[in-house]
Amino acid sequence: EAEVAQSPRYKITEKSQAVAFWCDPISGHATLYWYRQILGQGPELLVQFQDESVVDDSQLPKDRFSAERLKGVDSTLKIQPAELGDSAMYLCASSFGSNEQFFGPGTRLTVL
Amino acid sequence: GENVEQHPSTLSVQEGDSAVIKCTYSDSASNYFPWYKQELGKRPQLIIDIRSNVGEKKDQRIAVTLNKTAKHFSLHITETQPEDSAVYFCAAGGGADGLTFGKGTHLIIQP
C-alpha cells in the first residue's frame with residue numbers, strides 16, 4: 001500500500017541553526033499539506049500546496065519558515081533559524097482531490 | 001477561521017462499554033468532518049469521516065453523527081476493546097482544504 005514518506009524521522013538541533021524536512025506524497029496526489037503537532041495537541045496546518053502552487057500559508061511563520069514544492073511532487077520545509085518553541089512533530093499529508101488526507105510518519109524535531 | 005472544540009480531553013471506559021467523543025465547529029462553510037486515531041509515536045490514521053450532506057455514518061463498531069444546525073459532530077465507539085486505547089482527534093475542513101483539528105481525546109479502555 002502506498003504511503004507518504006518523510007525524512008529524517010528524528011532531528012536534534014541547536015537554536016539558531018537551520019533545519020530542513022523532506023516529504024514525498026503518495027503518487028498522483030496533487031495536494032500536499034505540512035502540519036505541526038506540539039506534544040499533547042492536535043496538528044496545526046502550516047502550508048498547503050496544490051501541485052507546485054501554495055494554496056494556503058496563512059499560518060506559516062514566514063520570518064523563519066519556508067516551504068517549496070518545485071516540481072509539484074516532493075516538498076521541503078525549512079526553518080532558519082530554529083527556536084526552542086519549534087520543538088514539535090512535523091507531519092506531511094497528501095490527498096487526491098477532496099478525499100482523505102493520508103499522513104506520513106512525521107519528523108520529530110528537538111531544538112536545544 | 002475555523003475553530004474546533006473537542007470534549008472530553010480524557011475518557012476512561014470499561015472494556016465492552018461504549019465511548020462518545022463530541023466536537024463543535026464554528027465555520028458554517030466547513031463540509032468535511034474526519035476522525036483520526038493516533039497511537040503513541042505514530043501517525044494519525046483516518047477511522048471514519050462524514051460530509052455535510054449526510055447526518056450519520058457507521059462502520060462496524062464506529063459511528064459518526066453530524067448536526068449542521070448546531071454545528072456539532074460526535075464519534076461513537078461501541079463494544080470497546082483494549083486496542084481502541086489511543087488519542088482521537090476530530091477535524092473540520094472544506095473538502096480539499098487544510099483541516100482544523102480539535103485538541104484530542106485520550107481514550108483509555110479499562111480491562
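Residues numbered from 1 in each chain as written. Chains lettered and ligands numbered in written order. Predicted model: local features only at pLDDT ≥ 70, side-chain atom pairs only at ≥ 80, totals over all residues. Heavy atoms only, no water.

**Student:** Where do I start with the overall build of chain A in this structure?
**Tutor:** When helices and strands are counted, chain A shows zero helices and 11 strands. Helices and strands appear in chain A in the N-to-C order β-β-β-β-β-β-β-β-β-β-β. Along the first, second and third principal axes, the C-alpha atoms of chain A reach 40 × 25 × 25 Å. For chain A, the proportion of its 112 residues judged to be buried stands at 45%. Sequence-distant contacts in chain A: of pairs separated by 6 or more residues, those separated by 24 or more amount to 52%. When the accessible surface of chain A is split by element, carbon and sulfur atoms take 49% of a total near 5,600 Å². (Helix = DSSP H or I, 4+ residues; strand = E, 2+ residues; numbered from the N terminus. Buried < 20%, exposed > 50% of the residue type's maximum accessible area, 1.4 Å probe, protein only. Contact = heavy atoms within 4.5 Å. Areas by Shrake-Rupley, 256 points an atom, 1.4 Å probe, with all protein chains shown as cover.)

**Student:** Could you clarify how one ought to interpret the packing of aromatic side chains in this entry?
**Tutor:** Any two aromatic rings considered together are summarised by their centre-to-centre distance and by the angle between their planes. Residues and elements named next belong to chain B. One pass over the full model with this rule turns up 12 aromatic pairs over all chains. Arranged with centres 6.4 Å apart and planes meeting at 85°, the rings of F89 and F101 form a pair that is edge-to-face. Placement of F89 in strand β9 (residues 86-92) and of F101 in strand β10 (residues 100-101) is noted, with a sequence separation of 12 residues between them. The exposure class assigned to F89 is buried, which follows from its relative accessible area of 3%. (Phe/Tyr/Trp six-rings, centres within 6.5 Å; stacked < 30°, edge-to-face > 60°.)

**Student:** Sorry if this is basic, but what is going on with the environment of E83(A) here?
**Tutor:** Residue and element names in this part refer to chain A. With respect to the helices and strands, the residue E83 is situated in the loop between β8 (75-79) and β9 (88-95). Under the relative-accessibility criterion, E83 is labelled partly exposed at 41%. Considered as a pair, E83 and R64 are 19 residues apart in the sequence and their alpha carbons are 9.3 Å apart. Beyond its immediate chain neighbours, meaning those up to four positions away, E83 contacts R64 and V111. Within the structure, the side chain of E83 is placed 3.4 Å from the side chain of R64, a separation counted as a polar contact. (Polar contact = N/O pair within 3.5 Å; in protein donor to acceptor, adjacent residues only side chain to side chain.)

**Student:** Looking at this structure, how should I read the sheet that holds strand β7 (residues 62-67) of chain B?
**Tutor:** Through backbone hydrogen bonds, the strands of a sheet pair up, either in parallel or in antiparallel fashion. All names here are of chain B. Strand order in the open sheet formed by five strands is β1-β3-β8-β7-β6, with antiparallel pairing between adjacent strands. Across the chains shown, the open sheet's two edge strands, defined by having one partner strand only, are β1 (4-7) and β6 (56-59). In this sheet, adjacent strand axes meet at a mean angle of 15° when their direction is disregarded. Pairing of β6 with β7, which is carried by four bridges, proceeds in the antiparallel orientation. Along β7, the bridge assignment pairs K57 with V64. (Pairing = 2+ DSSP bridges. Axes fitted to C-alpha atoms, helices over the stretch in contact; angles between N-to-C directions.)

**Student:** I keep staring at the interface of chain B and chain A and nothing clicks. Help me out?
**Tutor:** One widely used convention gives an interface's size as the accessible area the parts lose upon coming together. In this complex, chain B contributes 16 residues to the contact, which on the side of chain A involves 21 residues. Across the chain B to chain A interface the summed buried area is about 1,500 Å²; carbon plus sulfur atoms make up 49%. Ranking the residues of chain B by area buried against chain A places R43(B), A96(B) and F101(B) at the top, with a combined share of 34%. For the pair chain B and chain A, the number of links is one salt bridge. The residue E3(A) makes a salt bridge to R43(B) at a minimum N-O spacing of 3.7 Å. (Buried area = accessible area lost by both parts, 1.4 Å probe. Salt bridge = Lys/Arg side-chain N within 4 Å of Asp/Glu carboxyl O.)

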